[in-house]
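Residue-level structure breakdown
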Amino acid sequence: MSYKNFIKDKKTKKILKITLLPLLIIVLGNIIFYVYCFLTPKLEINKSQSYYLYDNNSKLVFGDNDWISLDKISDDLINATISTEDKYFYKHIGFDYLRIGKAAITNIINRNKSEGASTITQQYARNLFLNFDKTWKRKIDEAILAGELEVHYTKKEILEGYLNTINYGGVYGIESASKYYFDKSASNLSLAEAALLAGIPKSPNNYSPIKNYSKAKERQKIVLTMMKKNKVISEEEYQKALNENITIVGKSKESNIASVNYFKDSVLEELKSLKQIPSNIIETGGLKIYTTLDSEAQENLENSVQKYINNEQELETSAIMMNPDTGGIMALIGGNNYNKSQYNRATNSKRQIGSTMKPILYYTALESGFTPSSSFTSEKTTFTFSEGKTYSPKNYNDKYAEGPISMAAAISYSDNIYAVKTHLFLGEDMLINTAKRIGITSKLTPIPSLALGTEEMSLMEITAAYSSFANQGYKINPHFIKKVEDSKGNTLYENKEEKIEVLNSSLTYILNEMLTYTYNKNFIDYNYPTLISLLPNITHKYAIKSGTTDTDLLIMGYNKNAVLGVWTGYDDNKKIDSTKYSYHKNIWIDTMESYFKNHEAQWYDIPDNVVGVLVNPITGTLIDDNAEKKEMFFYIKGTEPTTNNETKDLEAVFKEEQKSKLEE
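Residues numbered from 1 in each chain as written. Predicted model: local features only at pLDDT ≥ 70, side-chain atom pairs only at ≥ 80, totals over all residues. Heavy atoms only, no water.

Moving on, we get to the overall build of the protein chain. Within the protein chain, the secondary structure is distributed over 23 helices and 20 strands. Counting across all 664 residues of the protein chain, residues that qualify as buried make up 53%. Taking the intrachain contacts of the protein chain between residues at least 6 apart in sequence as the baseline, contacts between residues at least 24 apart amount to 72%. (Helix = DSSP H or I, 4+ residues; strand = E, 2+ residues; numbered from the N terminus. Buried < 20%, exposed > 50% of the residue type's maximum accessible area, 1.4 Å probe, protein only. Contact = heavy atoms within 4.5 Å.)

Okay, structure coming up:
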């Protein structure tokens, strides 16, 4: 052998060692991997949705049994999916190594992880058993599960399972998606419809034709182009599908209530927080979730929102109807249009609550010895504090009695001066203590303006707090889930709906009566009750309070059967035009009145230790038989005004206290 041939032979051997050894390791590794996967127990694939949501009448409202066999699914949909998601699906055994290598190189060049290489098998494994975290542990788990699927199931079974579980823009499974978007079975999809649906899973939020039709169409074109490139459609079919007019229906057969998606999202958030239900059980499917949803209430609420807000492009709404006795959420709106924004303003957004803070203040006052007749002077006032600090709140429209008014009148007119005086008279910490007692968890600062609702909290918080007034004194736990069962009917979780007594029932009765004065025509005087405009539409008795700031409009109201809170405003805190000040009120009264057409509306029985007395509604003082202006106020027995026991005006006491504090 010549020296050159010897050198050449050594180089060849070296090259062979460098290339063959890694290949041998990869081959052996794959053999070991698939032998391991084969020896593992066969994965149980539940041919069902991950969950089924039922309302409070056990009616299915989300999720169905629309599992469809592969041979019944449109060939166009199958071809579109394979062309788009995994064109070598029938050739690989779980992993596309060439695609993985290409994605790795692309990500290295771009210095990110934007390029993915998951096969249909890997995606199916992730859909069934895993979350979507981009961690190495999840990727390793996904690879093992994908291998197990490949060795235990046929390609037909894997593809069928994938198409029946994939996310099509908040709708899971191809049959459900076909019915939702086009009101037809997946067996009857046209090429254009199939390509539109096949484009959604890459980014369900971006490519849903309801959320963003133009982006969905762009994605459809990409899918059709891939199909043409893979020679599963002709140029003629491509052009025809691209130009086909598509009608989007966008409703499911289970529920015609579009806004129920906000409720569904809240249910799933609560489900994840339940320690009794392991996450792997949630993912493997078949859970039956019995919720607190009242479908009729939800439909009434949605109809009311659409009636008043639907044409507003930016003004947003959130609303919660709650059962005050149990804390169960009966209905929820998280925004005007779920397809446009999935952000749940009812549960996640914190806003100023304005004068809806005042009932908490006035309950505190009642507990501290005030009565509905307790009076302060309503006039322009600048409050002076230590170090020369001042605070000058104003009443709406700058209207003042220029004299003493009762607590009941202050509630009716939402008098800010009376509220701040009460707050300072009691001590700023007193209001905070009551708020915490009834479930307010947001940070509250002991400042004068706290009485006017300048601190922020969620609509869920304030609605739950008002439930303590509506149920006459009990703190409740707001919730969406009543019971959870597995696919075999075993109960995994059941809400006990416990409540804790935190308020005096007689005092809550007195407060509830005073909150009916916000629409009582007997209070029409120098000012109008804040909700007098609702009076023509009110056929049942409600306790109601509104709150108004420059950026937030809120109304809270209730009877024994339901508490409803409605908020309107802008996400960017833009100032609200006064022409829109009635929307939230109209939504509230429309929803409540619609609901109570078919349900009993109950009010409260007078407690044994409470007495009613006819008084002047503005001043709260006793009247004679000939008085033109009169109203029934309620008192704890022994505190009512009599000829020998007139209610003391607190104004002088307040001024003396403030003077003493300044001197200190």
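Moving on, we come to the layout of surface pockets. Reported here for the second largest pocket is a volume of approximately 880 Å³. Lining the second largest pocket are 36 residues, with Tyr396, Asn397, Ser414, Thr530 and Thr548 positioned closest to its centre. Mapped by element, the contributors of at least two residues to the lining of the second largest pocket are strand 16 (543–548) and helix 22 (583–595). Considering every element that reaches the lining of the second largest pocket, the biggest residue donor is strand 16, with four residues. Across the lining of the second largest pocket, the residue classes break down as 10 nonpolar, 19 polar and seven charged. (1 Å grid on protein atoms, 1.4 Å probe; cavity = no way out; pocket = protein on both sides within 12 Å on 5 of 7 lines; lining within 4 Å. Points joined across faces, edges and corners; volume = space filled by probe spheres on them. Nonpolar A, V, L, I, M, F, W, Y, C, P; charged D, E, K, R; others polar.)

Right, let's talk about the pattern of salt bridges for a bit. The full count for this structure, using the stated rule, is 18 salt bridges. The partner of Glu193 in a salt bridge is Lys184, and the shortest N-O contact between them spans 3.0 Å. By relative accessible area, which is 8% here, Glu193 ends up buried. Owing to a relative accessible area of 25%, Lys184 belongs among the partly exposed residues under this scheme. The salt bridge partner of Lys629 is Asp525, with a shortest N-O separation of 3.8 Å. Taken together, the residues Lys629 in the loop between strand 19 (610–615) and strand 20 (631–636) and Asp525 in the loop between helix 21 (505–514) and strand 16 connect sequence positions 104 residues apart. (Salt bridge = Lys/Arg side-chain N within 4 Å of Asp/Glu carboxyl O.)

Another aspect to go through is the sheet that holds strand 16. Two strands in a sheet stick together by hydrogen bonds in their backbones, pointing the same way (parallel) or opposite ways (antiparallel). Taken in spatial order, the five strands line up as 5-4-18-17-16 in an open sheet, and their pairing is antiparallel. Looking at strand neighbours, the two that pair on one side only are strand 5 (329–333) and strand 16, the edges of this open sheet. Across the sheet, the mean angle separating the axes of adjacent strands is 5 degrees when strand polarity is ignored. As paired strands, strand 4 (residues 316–322) and strand 5 are joined by four bridges and run antiparallel to one another. Bridge assignment links Ile320 to a residue of strand 5, and that residue is Leu332. Across the sheet, helix 22 lies against strand 4, strand 5, strand 16, strand 17 (552–558) and strand 18 (563–569), angled at about 25 degrees from strand 17, the strand it touches most. (Pairing = 2+ DSSP bridges. Axes fitted to C-alpha atoms, helices over the stretch in contact; angles between N-to-C directions.)

Its 17 residues place the ends of helix 10 (residues 213–229) 24 Å apart at the C-alpha level, agreeing with the 24 Å of an ideal helix rising 1.5 Å per residue. All of the buried residues along helix 10 are Ala216, Arg219, Gln220, Val223, Leu224 and Met227. End-on, the buried residues of helix 10 take up no more than an arc of 145 degrees, which puts them together on one face. Residues of helix 10 that are exposed and point over 90 degrees away from its buried face: Glu218 and Lys229. Contact partners of the buried residues in helix 10: helix 2 (75–85), helix 8 (191–198), helix 9 (204–207) and helix 11 (235–242). Just downstream of helix 10 lies Lys231, where phi reads positive at about 60 degrees. (Expected span 1.5 Å × (residues − 1). Arc of directions from axis to C-beta.)

Moving on, we get to the packing of aromatic side chains. Geometry of an aromatic ring pair is reported as the spacing of the ring centres plus the angle between the planes. On inspection of all chains with the given rule, the structure shows 24 aromatic pairs. Geometrically, the ring pair formed by Phe376 and Phe425 is edge-to-face, given 5.9 Å between the ring centres and 65 degrees between the ring planes. Residue Phe376 is located in strand 7 (residues 375–378), and its partner Phe425 is located in helix 18 (residues 416–426); the two are separated by 49 residues in the primary sequence. Judged by its relative accessible area of 19%, Phe425 is buried. Ring plane angle 85 degrees and centroid distance 6.2 Å describe the contact between Phe383 and Phe654, whose orientation is recorded as edge-to-face. Pair noted here: Phe383 is in strand 8 (residues 383–384) and Phe654 is in helix 23 (residues 651–663), with a separation of 271 residues, a long-range link. Neither Phe383 nor Phe654 differs from the other in exposure class; each is buried. Aromatic ring contacts, followed pair by pair, group Tyr362, Phe370, Phe376, Phe383, Tyr418, Phe425 and Phe654 into a single cluster. Between Lys228 and the ring centre of Tyr238, over which it is positioned, the NZ or CZ distance is 4.1 Å. (Phe/Tyr/Trp six-rings, centres within 6.5 Å; stacked < 30°, edge-to-face > 60°. Lys NZ or Arg CZ within 6 Å of the ring centre and 35° of its normal.)

Empty pockets left among the atoms are what a rolling probe the size of a water molecule brings to light. Summed over the entire model, instances satisfying the criterion amount to three cavities of 30 Å³ or more. There is about 100 Å³ of room inside the largest cavity. Lining of the largest cavity is provided by Ser318, Arg345, Ser349, Arg351, Gln352, Ile353, Met457, Ser458, Leu459, Ile462, Leu554 and Trp567. Partitioned by chemical class, the residues of the lining of the largest cavity number six nonpolar, four polar and two charged.

Below, the discussion takes up the pairing of strand 13 (residues 481–485). Sheet topology note: the strand 3 (residues 287–291)/strand 13 ladder contains four bridges and is antiparallel. Looking across to strand 13, one finds that Lys288 is bridged to Glu485. Pairing of strand 13 with strand 14 (residues 491–494) involves three bridges; the strand directions are antiparallel. If you follow Val484 over to strand 14, its bridge partner there is Tyr493. Hairpin geometry of strand 13 and strand 14 is characterised by an intervening segment of five residues between the two adjacent antiparallel strands and by a positive phi of about 90 degrees at Gly489.

The next point concerns the sheet that holds strand 1 (residues 51–54). Strand order in this open sheet of five strands is 2-1-3-13-14, and the pairing throughout is mixed. Strands at the two margins of the open sheet, each flanked by one partner only, are strand 2 (60–62) and strand 14. Neighbouring strand axes in the sheet, compared pairwise and without regard to direction, differ in orientation by 25 degrees on average. Both strand 1 and strand 2 contribute to a ladder of two bridges, which runs antiparallel. Counterpart to Tyr54 in the pairing with strand 2 is Leu60.

Moving on, we come to the environment of Leu293. Residue placement: Leu293 occurs in the loop between strand 3 and helix 14 (295–309). Excluding residues that lie within four positions of it along the chain, Leu293 makes contacts with Asp55, Asn56, Val61, Val260, Phe263, Gln298, Ile329 and Met330.

The predicted model of the protein chain has a mean per-residue pLDDT of 86, with 82% of residues at 70 or higher. Every residue in residues 112–116 is under pLDDT 50, and counting partners more than four places away or in other chains gives nine contacts. A low-confidence stretch, residues 130–136 (pLDDT under 50), is modelled with 13 contacts involving residues beyond four sequence positions or located in other chains. (pLDDT = per-residue confidence, 0-100.)

Right, let's talk about the packing of helix 16 (residues 358–367) against helix 20 (residues 459–470) for a bit. Packed helices, taken two at a time, are described by their axes: the angle between them and the distance between them. Remark: helix 16 packs on helix 20, axes separated minimally by 11 Å, with the N-to-C direction vectors making an angle of 35 degrees. Our pair here, helix 16 against helix 20, has a crossing hand that is left-handed. Note on element contacts: helix 20 touches helix 16 through Ile462, Tyr466 and Phe469, opposite Pro359, Ile360 and Tyr363. Looking at side-chain class alone, the contact of helix 16 with helix 20 contains six nonpolar, no polar and no charged residues. (Left-handed = near helix turned anticlockwise from the far one by under 90°.)

Turning to the packing of helix 14 against helix 22, a few remarks are in order. Packing of helix 14 against helix 22 leaves a shortest axis separation of 9 Å and a crossing angle of 150 degrees. Looking at the two axes, helix 14 sits roughly antiparallel to helix 22. Crossing of helix 14 over helix 22 shows right-handed handedness. Each of Glu296, Ala297, Asn300, Leu301, Ser304, Val305, Lys307, Tyr308 and Ile309 in helix 14 lies in contact with helix 22, whose residues at this interface are Tyr583, Asn586, Ile587, Asp590, Thr591, Ser594 and Tyr595. Partitioning the contact of helix 14 with helix 22 into residue classes produces eight nonpolar, five polar and three charged. (Parallel < 35°, antiparallel > 145°, perpendicular 65-115°, else oblique.)

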